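Inside the fold
So you can see what is in the structure, the chains are spelled out below.
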Amino acid sequence: MSAAIIFGLLLVLMLTGMPISISLGLTVLTFLFTMTEVPVQAVALKLFTGIEKFEIMAIPFFILAGNFLTHGGVARRMINFATAMVGHWHGGLGLAGVLGCALFAAVSGSSPATVVAIGSIVLPAMVQQGFPRQFGAGVITTSGALGILIPPSIVMVMYSVATSGSQHSASVGQLFMAGVIPGLMLAALLGGVTWHRARKFGYPRMPKASAGERWRSFREAIWGLLLIVIVIGGIYTGAFTPTEAAAMSAVYAFVIAVFVYKDMPLLGVPKVLLSSASMSSMLLYIITNAVLFSFVLTSENIPQHVADWIVSQGFGVVAFLLVTNLLLLMAGNFMEPSSIVLIMAPILFPVAVTLGVDPVHFGIIMVVNMEVGMCHPPVGLNLYVASGITKMGITELTVAVWPWLLAMLGFLVLITYAPILSLWLPRTLGMM
């Protein structure tokens, strides 16, 4: 009964067009003050302690690093390097876009940032070279989703925070390492779809770059590429935690944007700081309300009841993961990734643990679902970002992305039922 009231109220508020964060907060407060006797002090305390987690500090730092890199010319140099390496293949500039997105994803942690940084440079160049606008939009919209699977990833931090109350929770470091192989596999898959369609329809190729041109583009991009080594290498070697890695990446991105590449004047720094603070505060507000929502669910024992019901129905791991994927894909129709993870993880996680699903593997399944959700209507964030860049309507973009989206759905099935792909690297590195 409690569950029906809570989710019914949340759904009604969201259908009114109210932002997710406010819908969550109002649902929780209405339920707490009318149907329970929880003291106001407990609510205030939970609001404060809910975001008093060291891992959450990684979010504003990764956002800041991504903004410095987006405005600091790093994306352009990464694309030049990618074009020099794969530009001569079928659909060369499209493949360079996929590779550029993969490289930028490894330093930004955000999908929309990846779409903006790479798309705003690659898409006009593709149209100028003779590629159909729909083809370029499909490549960048879906490849931009790599931003939350290839570490560092803000969504992985969210998942770690959302499940941190459990003794079986996954650390941010484990999740980052678990995302490496699936991220590279998905990049290769999207590149394969791009190459196949370019070859099928005879899209233009670029002249093969000489060894000198490749070396020069690599030398120019090296400062941005080094950030990948610093973040992943630092976490793996234990030199610093993921949160410290985020702080390091923000400082490093500032230094290379302002003093090394000199693409950003010092006067432009306050604007970047302000936009990063604005985005961070929005995410932290969602997290705060989601923590309250999770508190209500736990106090009403809803996750435990859901787990007991699923176990009593005789659902095995295969059926449960199928239902989980369907639920998350449906949620992706009307919510953005951060909200889905923060709402659904506390409910589904206890069931997954009860059925013996590895917490790290389950986290990667959720992240891949979020990637797919970012590329399909009506709320796909990447679609809206790409729409702004390409000046195409959402319906037209939806048609443009379907070949890549189908490949992503196939990849989701593979990741769901082949846990070794997610778990091999962290286990090999001795992190699990």
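Reference entry: report on the structure contained in this document. (Residues numbered from 1 in each chain as written. Predicted model: local features only at pLDDT ≥ 70, side-chain atom pairs only at ≥ 80, totals over all residues. Heavy atoms only, no water.)

Counting secondary structure elements, the protein contains 21 helices and 0 strands. Against the 2.2 N^0.38 benchmark of 22 Å for 432 residues, the protein shows a C-alpha radius of gyration of 22 Å, consistent with a compact globule. Counting across all 432 residues of the protein, residues that qualify as buried make up 54%. The contacts of the protein with a sequence gap of at least 6 include a subset with a gap of at least 24, amounting to 79%. Carbon and sulfur atoms form 70% of the exposed surface of the protein, whose accessible area is close to 17600 Å². Placing the 17 positive and 13 negative side-chain charges of the protein at their respective mean positions leaves the two points 20 Å apart. (Helix = DSSP H or I, 4+ residues; strand = E, 2+ residues; numbered from the N terminus. Rg over C-alpha atoms; globule rule 2.2 N^0.38 Å. Buried < 20%, exposed > 50% of the residue type's maximum accessible area, 1.4 Å probe, protein only. Contact = heavy atoms within 4.5 Å. Areas by Shrake-Rupley, 256 points an atom, 1.4 Å probe, with all protein chains shown as cover. Lys, Arg positive; Asp, Glu negative; His and termini not counted. Charge placed at Lys NZ, Arg CZ, Asp CG, Glu CD.)

The next point concerns unusual backbone geometry. Between Pro151 and the following residue, Pro152, the backbone shows a cis peptide bond with an omega angle of 0°. Looking at the secondary structure, you find Pro152 in the loop between helix H8 (133-143) and helix H9 (154-162). Residue Lys262 is not a glycine yet carries a positive backbone phi of 55°. Take Lys262: it is sitting in the loop between helix H13 (242-260) and helix H14 (269-299). A positive phi angle, near 60°, is found at Lys391, a position not held by glycine. Inspection of the secondary structure puts Lys391 in the loop between helix H19 (381-390) and helix H20 (394-417). For Lys391, a relative accessible area of 70% corresponds to the exposed category.

This paragraph deals with the layout of surface pockets. Taken as a whole, the largest pocket holds about 570 Å³ of empty space. Residue lining of the largest pocket: 30 residues in total, with Pro112, Met279, Met282, Leu283 and Leu381 positioned closest to the centre. Elements with a minimum of two residues in the lining of the largest pocket: helix H2 (20-35), helix H4 (58-71), helix H7 (111-129), H9, H14 and helix H17 (337-354). The biggest single contributor to the lining of the largest pocket is H4, with 6 residues. Here the lining of the largest pocket is built from residues that sort into 17 nonpolar, 12 polar and 1 charged. Along the walls of the second largest pocket sit 22 residues, with Ala162, Gly165, Ser294, Thr298 and Pro346 positioned nearest its centre. Mapped by element, the contributors of at least two residues to the lining of the second largest pocket are helix H3 (40-50), H9, H14, helix H15 (302-312) and H17. (1 Å grid on protein atoms, 1.4 Å probe; cavity = no way out; pocket = protein on both sides within 12 Å on 5 of 7 lines; lining within 4 Å. Points joined across faces, edges and corners; volume = space filled by probe spheres on them. Nonpolar A, V, L, I, M, F, W, Y, C, P; charged D, E, K, R; others polar.)

For the rest of this paragraph, the subject is empty space enclosed by the protein. Following the criterion strictly, the structure yields 1 cavity of 30 Å³ or more and no others. As for the largest cavity, its lining consists of Gly332, Met335, Glu336, Pro337, Ile340, Met370, Gly373, Met374, Val379, Gly380 and Leu381. Of all elements in the fold, only H17 and helix H18 (359-373) reach the threshold of two or more residues within the lining of the largest cavity. Looking at the lining of the largest cavity residue by residue, the class counts come to 7 nonpolar, 3 polar and 1 charged.

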